[in-house]
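For reference, the chains in residue letters:
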2 protein chains.
Amino acid sequence: MHSRTAFFVSDGTGITAETFGKAILAQFELKLRFVRLPFIDTADKAHQAVRQINHTGELEGKRPIVFTTLVNMEVLGVLQNHCKGMLLDMFGTFVNPLEQELGIKSHHRVGRFSNVSRSREYAQRIEAINYSLAHDDGQSKRDLANADVILVGVSRSGKTPTSLYLAMQYGIKAANYPLIPEDFERRQLPEALLPYRKKIFGLSIQPERLAEVRNERRPQSKYASLANCRHEVSEAEAMMRREGIRWLSTTTKSIEEIATTILQEMHLERPTF
Amino acid sequence: MHSRTAFFVSDGTGITAETFGKAILAQFELKLRFVRLPFIDTADKAHQAVRQINHTGELEGKRPIVFTTLVNMEVLGVLQNHCKGMLLDMFGTFVNPLEQELGIKSHHRVGRFSNVSRSREYAQRIEAINYSLAHDDGQSKRDLANADVILVGVSRSGKTPTSLYLAMQYGIKAANYPLIPEDFERRQLPEALLPYRKKIFGLSIQPERLAEVRNERRPQSKYASLANCRHEVSEAEAMMRREGIRWLSTTTKSIEEIATTILQEMHLERPTF
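Remember, it's a predicted structure, so these values are computed and weren't measured experimentally.

Draft legend 1. Up close: the overall build of chain A. Broken down by element type, chain A carries 10 helices and eight strands. Computed over the C-alpha atoms, the radius of gyration of chain A is 24 Å, more than 25% above the 19 Å expected from 2.2 N^0.38 for a compact globule of 273 residues. C-alpha atoms of chain A, sized along the principal axes, occupy 70 × 45 × 30 Å. When burial is assessed residue by residue, chain A has 58% of its 273 residues classed as buried. Intrachain contacts of chain A at a sequence separation of at least 6 include 69% that bridge at least 24 residues. Summed over all atoms, the accessible surface of chain A reaches about 12500 Å², with 47% contributed by carbon and sulfur. When the 37 basic and 32 acidic side-chain charges of chain A are each reduced to a single mean position, those positions are 1 Å apart.

Draft legend 2. Here's a closer look at the sheet that holds strand β7 (residues 200-204) of chain A. All names here are of chain A. Overall, parallel pairing links the four strands, which are arranged β6-β5-β7-β8 in an open sheet. Looking at strand neighbours, the two that pair on one side only are β6 (174-178) and β8 (247-249), the edges of this open sheet. Averaged over neighbouring strand pairs, the angle between their axes works out to 25 degrees when direction is ignored. One ladder, built from five bridges, connects strand β5 (residues 149-153) with β6; its direction is parallel. By the bridge assignment for β6, Ile150 is matched with Ala175. Against the sheet, helix α9 (residues 226-243) touches β5, β7 and β8, its axis set at about 155 degrees to β7. Contacts from helix α10 (residues 255-265) reach β5, β7 and β8, with the element oriented near 150 degrees to β7.

Draft legend 3. Broad picture of the pattern of salt bridges. Summed over all chains, the structure comprises 26 salt bridges over all chains. Across the salt bridge formed by B:Glu256 and A:Arg125, the nearest N and O atoms sit 2.8 Å from each other. Residue B:Glu256 is located in helix α10 (residues 255-265), and its partner A:Arg125 is located in helix α5 (residues 120-134); the two belong to separate chains. Look at A:Arg125 and you get buried, because its relative accessible area is 10%. The residue A:Glu243 makes a salt bridge to A:Arg197 at a minimum N-O spacing of 2.7 Å. With A:Glu243 in helix α9 and A:Arg197 in the loop between α7 (181-186) and β7, the pair connects residues that are 46 residues apart, well separated along the chain. For A:Glu243, a relative accessible area of 17% translates into the label buried. Overall, A:Arg197 belongs to the partly exposed group, its relative accessible area being 38%.

Draft legend 4. Fine view of the interface of chain A and chain B. The interface is formed by 86 residues belonging to chain A together with 86 residues belonging to chain B. Taking both sides of the interface into account, the surface hidden between chain A and chain B amounts to around 7700 Å²; carbon and sulfur atoms contribute 64%. On the chain A side of the interface with chain B, the three residues burying the most area are A:Gln27, A:Phe28 and A:Phe94, jointly 10% of the side's total. Here chain A is connected to chain B by six salt bridges. Among the ionic pairs, A:Arg63 bridges to B:Glu101, the shortest N-O distance being 2.6 Å. Here chain A and chain B share 16 residue pairs in polar contact (both at pLDDT 80 or more) between them. Among the residues making up the side of chain A that touches chain B, the classes are represented as 40 nonpolar, 22 polar and 24 charged.

Draft legend 5. Representation of the relation of the copies chain A and chain B within the structure. Rotating chain A by 180 degrees and translating it 0.0 Å along the rotation axis places it on chain B, where the RMSD comes to 0.0 Å. In the structure described here, the two chain copies are related by an operation that fits a two-fold rotation axis. Among all C-alpha atoms of chain A, that of A:Phe20 lies closest to the rotation axis, at 3.4 Å. Of all interface residues in chain A, 100% are interface residues in chain B too; the two copies therefore contact each other through one and the same surface.

Draft legend 6. A look at the pairing of strand β6 (residues 174-178) of chain B. All names here are of chain B. The element β6 is largely enclosed, with a buried count of five among its five residues. With burial as the criterion, each face of β6 is covered, one bearing Ala174, Asn176 and Pro178 and the other bearing Ala175 and Tyr177. Read from strand β5 (residues 149-153) through helix α6 (residues 159-170) to β6, the crossover connection turns out right-handed.

Draft legend 7. Representation of the pairing of β5(B) in the model. All names here are of chain B. Within β5, five of the five residues are buried, which leaves it mostly tucked inside the rest of the structure. By the alternation rule, side chains of β5 split into Val149, Leu151 and Gly153 and Ile150 and Val152, which are all buried. Relative to strand β7 (residues 200-204), β5 is paired through three bridges, and the arrangement is parallel. In the sheet register, Val152 faces β7, and the bridge partner there is Gly202.

Draft legend 8. Region of interest: the side chain of B:Glu232. On the secondary structure map, B:Glu232 appears in helix α9 (residues 226-243). Within the structure, the side chain of B:Glu232 is placed 2.9 Å from the side chain of B:Arg214, a separation counted as a polar contact.

Draft legend 9. Main features of helix α1 (residues 15-25) of chain A. The buried count for α1(A) comes to 10 of 11 residues, which makes it a mostly enclosed element. Among the residues of α1(A), A:Ile15, A:Thr16, A:Ala17, A:Glu18, A:Thr19, A:Phe20, A:Gly21, A:Ala23, A:Ile24 and A:Leu25 are the ones counted as buried.

So, how was this worked out
Residues numbered from 1 in each chain as written. Chains lettered and ligands numbered in written order. Predicted model: local features only at pLDDT ≥ 70, side-chain atom pairs only at ≥ 80, totals over all residues. Heavy atoms only, no water. Helix = DSSP H or I, 4+ residues; strand = E, 2+ residues; numbered from the N terminus. Rg over C-alpha atoms; globule rule 2.2 N^0.38 Å. Buried < 20%, exposed > 50% of the residue type's maximum accessible area, 1.4 Å probe, protein only. Contact = heavy atoms within 4.5 Å. Areas by Shrake-Rupley, 256 points an atom, 1.4 Å probe, with all protein chains shown as cover. Lys, Arg positive; Asp, Glu negative; His and termini not counted. Charge placed at Lys NZ, Arg CZ, Asp CG, Glu CD. Pairing = 2+ DSSP bridges. Axes fitted to C-alpha atoms, helices over the stretch in contact; angles between N-to-C directions. Salt bridge = Lys/Arg side-chain N within 4 Å of Asp/Glu carboxyl O. Buried area = accessible area lost by both parts, 1.4 Å probe. Polar contact = N/O pair within 3.5 Å; in protein donor to acceptor, adjacent residues only side chain to side chain. Nonpolar A, V, L, I, M, F, W, Y, C, P; charged D, E, K, R; others polar. Least-squares fit on C-alpha atoms with pLDDT ≥ 70 in both. Right-handed = clockwise from strand over helix to strand, strands pointing away.

As structure tokens, then:
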């Protein structure tokens, strides 16, 4: 049973409020219920949100935690005046000292995702998603010259989710290419990749974990057997060492951690202006 | 030319710090350079980060803005004592009043993405990504009973990026299915979808915008012509109205806004405990 509720209130999607609020609340050993209230962009909707928050507080007997990223001052005012929750104003808290430091006023414009759909950065993300999909699992050898990075590794080492994450979040064209037994026999990288050695980054994984993952897909198969996983992983790592390819082990890492490491190692995170 | 640099310093990936910091800085009309410094989890690395930040400040003649989500107090201490930037401690600012309110101490454990790779929630995300990939663009009719949502719409209305985003960020199994001229002639939804009407959500788009997007793919084709786009969109919208399918227009919306609306309308965002 949860002890109380945390609300994330935003005039936009509320994704920022939720991401950040949850990260902070994860610092406490506490079962909370999370409710996101997006698109609260009029005083009317703010009053509705306040009713929901106050009602929850009465039911639970504890005041809700309310993270807000509201930039509309009228909407924020409704919460400040009527909400009985603990109000944590994530924007105002930092915007005010920044106005001092920067010597300019903030423009109180809503939502980092509003009106981005026609921006160049957004078009780049969509293009990267399409690219990564078309170049998933070695599906296409065409156009590898346009890849920002090419992930290689044995089947189920984490290449697909990582490629899609890099494309979705960073607009990076990430192709991925499996290393298969035929490559190990030939003791050579797949032919199509040879011209692009510098763009290659490897993913490896502990054989025990790999066997677990593969067994969920194809139980009792030779493909999933620990002996085969050990063989493939050791061959793949030997090949990456031989070819001078940078790689990391994904065994205990999340997509986000893998992607962050790749961005760093491959110097893909160009400073944004 | 940028006027100064903003750093995002974290003991984890720094994704939270960067997302939130950029959202705040977007409130100012100002060209900033952004630098993320992830995995700063020892005093040594903190001293390195401080050197980089202070050096940048000297070069630019303005103190850098430094957003931190450090939970390691020793690491944070190094920045507090030696960093000449404007330090905005995003964690401490909210964790301290929350400790008061909740009556418990925070545990200062690093990173919302650390050690998640074996969690049930994480496994669900990976499974959802694989599901959405396998059910992209009507590729598979099998297993639609397991979909959390099935997106329909004409080609290039935004189904694929939205499905992948829902899977990646929320662990939602999102299939997507194109509405094609044959469906309009038969005046019926694709056969395979009929048993799952309640899970269907539609995406539409302005014909003018659709023609633009399709022309990038297949210039001068009938497929991309404004007349054809107008016809397909009006047929698709008529079908969705006839079938009682909820839908939205993606024309000016980002993936994040589309996904948030779908979560709300389809009641997919179960409160997390």
